Structures are given as C-alpha cells and as structure tokens.
Amino acid sequence: MRLTFWGAAGTVTGSMHLLETGGKRYLLDCGLYQGRRKDADLRNRRLPFPGNSIDAVVLSHAHIDHSGNLPTLVKNGFTGPIYSTPASIDLCNWMLRDTAHIQEKDAEFVNKRLEKRKAARSGKDNGNGIVQPLYTMADAERTLPLFQRVPYREPFELSSTLTYEAYDAGHILGSSCIVMNETSGAAPLRLTYSGDVGRPNLPIIRDPERMPPADYLILESTYGGRLHKQVEHVINKLADVVNRTVRRGGRIIVPAFAVGRTQQLVLLLHQLFNEKRIPNIPLFVDSPLALNVTQVHRDHPECYDAETRQYLTDGEDPFGFKRLQYIREAVDSKKLNDLHGPFVVISASGMCEQGRILHHLRNNIEDPRNTVLITGFQAQETLGRKLVEKWPEVRIFGEPMRVRAEISSLDELSGHADQGELLEWIKPMVHSLRKVFLVHGEPRQSEILAQLLHTRFGLEAVCPAPGQSFELA
Ligand SMILES: [Zn+2]
C-alpha cells in the first residue's frame, strides 16, 4: 500500500490523498484549495495526475475543502464512483453546484475587468484573453451522478482485498472517518483517515465515534496546538451578545458557513427564544445555499443527537420557528438595510470572502451600535481573519471602511477537535499505531501536535510535504 499526500499537506485546505494498492488508485477526498487567488487557482487547475488514472474516490465529508475539486477531477477524465454517506452526498448536491456558480461568476467578473483594462494577456489565457472558470455548472452536474451512498458502519468492498467502513466523525452532518482494511498482504493492514475530527456536545449532530485500533493514521491537525472553550458556555455567550447589542439598538451581523454553523446558530437562538432569554427580535437567514442545506439537515434525522431528536418528538421543527425568516431572493436581502430596530442576520460566507455577507458588512460595520459575530475558523488573508485580529480599517469591495462595530467571536462552535480532544480521540488507537501522518494544519499547529503525540504516547508522527509518498506494510 502506497500513500501520497497531494493536498492539505502543510496547510489547512485542499485535502487530497492518493492511495495505491492492488493495482488500483483511490483518492481520499478531492478538496478545493483556498488561499491567495492566483496560487489557489493554479493549484486547483493542475491536478498532479490524469483524472482517468483514478479508480474511485472515498469522500470523508461535504465541506468544500474536501469535496470542492471533484468537478475538476471529472473535467480531467475521471468517470469512477465517488463513495460517501447519504447525508454528505445530499449536501454535495447543493454545495458543488453553488461552488460552480461562484467559479462562473468569478471568471465573468475578472473578464469584465480585463476587458475594461484591455489587458487581455494572462497566465490563464486561452488564446482569446478570456479567463475560464475553474469548472462550470455542467462539470458539477456531470459529477453528481457518480456519487454512491455508503451508510455509516456498513463495510463496503472496494475490491476483493480492500474494504472500507465510515465512522461518525461528529464534525458536520454526514461527516465520516474512513477506516480502510486491506487483506492482500501476509497480515491484514488497517489505515484510518480521520477526515475532520469533530467535538463532543456540538448542537444537532452526534459526538465523534470511538475508533477501532489501526496500523496507520492520517490525522487532521487544524487545532493541534490550541484549546477551545467549552461548547456548554456558548449559549450564555450568544445570549449576552444579542442582549448587549439590542440594548444599543444595533444589529447583529453573523457571517456563518452555510453548512452546519448556520443550522447550529438557528437551533441555539431557537432555544434562547423559547426560554425567553433574548427579546423577540426578527432573525433572518440570508443565504439561498443555507436554505437548501437546512432542508438536507431536515431530511437526515438519522444523523441527529438525542437533543435534536427530542425536537421532533415534541412536534417542533429544529430549524424553523416563529421569529425566523429564510431569505432566498437578493431583492429581499437588500430590503434588510431599510429595516428599523435590532435584528439578527446570519449570512454566508463564513470567512467574509464572498456572498451577501459582504453587503451586510459594508452597510453595518461603521456603526458602533452593531455587532459582527464571528463563528468559525478564519483562514489567513481572509476578511474574517482581519476582523478577528481587530484591524481598525478593512477593505470591502475595494473600499476602505472603518471598523466601528463590536467584533465578537464564538470560538466554542468550532467544528474541529482541539488539541485535548484530538488526543482523546486518538487514544483507542495509540497501542496499535505504527505511524501518524499529520495533515490539514498550518505547520506550527501540526508540529506542536507531532511533538505531543511523541512525548505523550511515544508515537512517530510526520508532517508530509506535498507530493511525498510512503510505503505502508
Ligand atoms: Zn470540514
């Protein structure tokens, strides 16, 4: 068995690991690399292998940094199956099309600008000076029929000597850790891929499942060097932020990932309204993707934890209540700006890089009565990261704006295990593991975790470089 790390090696995005065994080639995830535009574009376009050289893909979960480059693989000749859990596949149905739409819009925008400048020569020149989208809606729609549903905890035969089983990762709806079992060698070999490891007590979804022993482990390390605050405190903090802003007569602007984070916030606000701990102000979820993704959450109660199941037993919709309105049309989104009095608006994108949240930020960030509530991981170079770092001035749509609104963070809702939770998660495996490959982390985070795995458990942990291969036997 040979393993090559092509993505999320020394970085947090673009997960893509190649597994070669028994004459076949499998990809574990095929994610979009997100970062500085030019660099990202180049990495996403140039796959390090022909698409038709891959036999099958196993997808850990629907987040775009794990699934978002599948249409490029298909565009490059891949026609094999993509295996994942039913909930992940239903999420990908919306997310891949949404990403394709963004790619098309981006290319259109750049082309317009190029036209204006009459500087039509660039690295992505196709001869007419036109920038092509990374992939189109048609590429995304050719990808979707390749998905095949493999439920949690049902061993699936990839070949006569290789099976895999999906364990609940407790990260987002449908997220899984992949356990690969190979039986062709002298002794059976087990490789586990963590995908993204979630956390205990997150709203809606179940806690990460206890993992079986394994020989080798590919482990994410997003927060390998950090500890989160306890999830239990999040509801009090959310109540405080809402009440404080309402007293000032301000609005609460919440950039949130359409998948997972939006649904968690809705559920927590629902609980606060029910308990009368926050005033009766309007709540808007302003994102067509979030609306579609929320429907996928409604369609998959098999992924819920006990608390969320209770809502169903009580005859309540956990993702909709009296004060909540979902906004699909852009014209209704614009109307929010003329609304008087306090309200909460949850909108995408989560890192404030694109989408409707930019309009809400532009309209509200200079008013000290308002609050911008950051709810998730903010990658380097993003507007969200600058807000968290309390830059006094930021650029939105190219215009400089003074940050006068309160900036608050709810780190507690992070979907990623922190250092302590990763160490806890790995415990059932430490006696059998021969090597751990640390991926999906900024180098400092991975190095801290590697050191800790060594001192705490005597494990050999390596941080592979992009393109580096390892023989597993
Ligand atoms: Zn993820």
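Refer to the preceding data block for the structure.
Everything numeric here is computed off the predicted structure, so don't read it as measured data. (Residues numbered from 1 in each chain as written. Predicted model: local features only at pLDDT ≥ 70, side-chain atom pairs only at ≥ 80, totals over all residues. Heavy atoms only, no water.)

Caption draft 1: Structural context of the packing of aromatic side chains. One pass over the structure, following the stated rule, counts nine aromatic pairs. Summarising the aromatic geometry, the rings of Tyr-223 and Phe-377 are spaced 5.8 Å apart at their centres and angled 85° between planes, so their arrangement reads as edge-to-face. Highlighted residues: Tyr-223 in the loop between β11 (216–220) and α6 (234–247) and Phe-377 in the loop between β16 (371–374) and α12 (383–388), separated in sequence by 154 residues. Look at Phe-284 and Phe-343: their rings are 5.7 Å apart centre to centre, the planes differ by 85°, and that puts the pair in the edge-to-face class. Here Phe-284 is found in strand β13 (residues 283–286), whereas its partner Phe-343 is found in the loop between α10 (330–335) and β15 (344–347), with 59 residues between them in sequence. (Phe/Tyr/Trp six-rings, centres within 6.5 Å; stacked < 30°, edge-to-face > 60°. Helix = DSSP H or I, 4+ residues; strand = E, 2+ residues; numbered from the N terminus.)

Caption draft 2: Local environment of the sheet that holds β15. Taken in spatial order, the six strands make up an open sheet running β14-β13-β15-β12-β16-β19, and their pairing is parallel. Strands with a single pairing partner mark the edges of an open sheet, and in this sheet they are β14 (324–327) and β19 (406–409). With strand direction ignored, the average angle separating the axes of adjacent strands in the sheet is 20°. Where strand β12 (residues 252–255) lies against β16, two bridges are found, and the strand directions are parallel. (Pairing = 2+ DSSP bridges. Axes fitted to C-alpha atoms, helices over the stretch in contact; angles between N-to-C directions.)

Caption draft 3: Region of interest: α6. The terminal C-alpha atoms of α6 lie 20 Å apart, and with 14 residues this matches the ideal 20 Å at 1.5 Å per residue to within 8%. Of all the residues in α6, the buried ones are Val-234, Ile-235, Leu-238, Ala-239, Val-241, Val-242, Thr-245 and Val-246. Along the axis of α6, the buried residues cluster in a sector spanning 165°; they form a single face. In this structure, the buried residues of α6 make contact with β12, α7 (261–274), β16 and β19. (Expected span 1.5 Å × (residues − 1). Buried < 20%, exposed > 50% of the residue type's maximum accessible area, 1.4 Å probe, protein only. Arc of directions from axis to C-beta. Contact = heavy atoms within 4.5 Å.)

Caption draft 4: Region of interest: the coordination of the zinc ion. Around the zinc ion, the donor atoms from the protein are His-61 (NE2), His-63 (ND1), His-171 (NE2) and Asp-196 (OD), and they sit 2.2 to 2.3 Å away. For the zinc ion, the four donor atoms are set out with angles of 92 to 164° between them, so the coordination reads as irregular. All donors of the zinc ion belong to a single chain; written as a sequence motif, their spacing is H-x1-H-x107-H-x24-D. A residue pair is termed long-range when its members are at least 10 positions apart, and His-63 in the loop between β4 (56–58) and α2 (64–67) and His-171 in the loop between β8 (162–168) and β9 (176–182) qualify at 108 residues. Both residues of the pair, His-63 and His-171, count as buried. (Donors = N, O, S within 2.8 Å, 3.2 Å for Na, K, Ca; no water. Tetrahedral: all angles 85-135°; square planar, octahedral: opposite > 155°, others 65-115°.)

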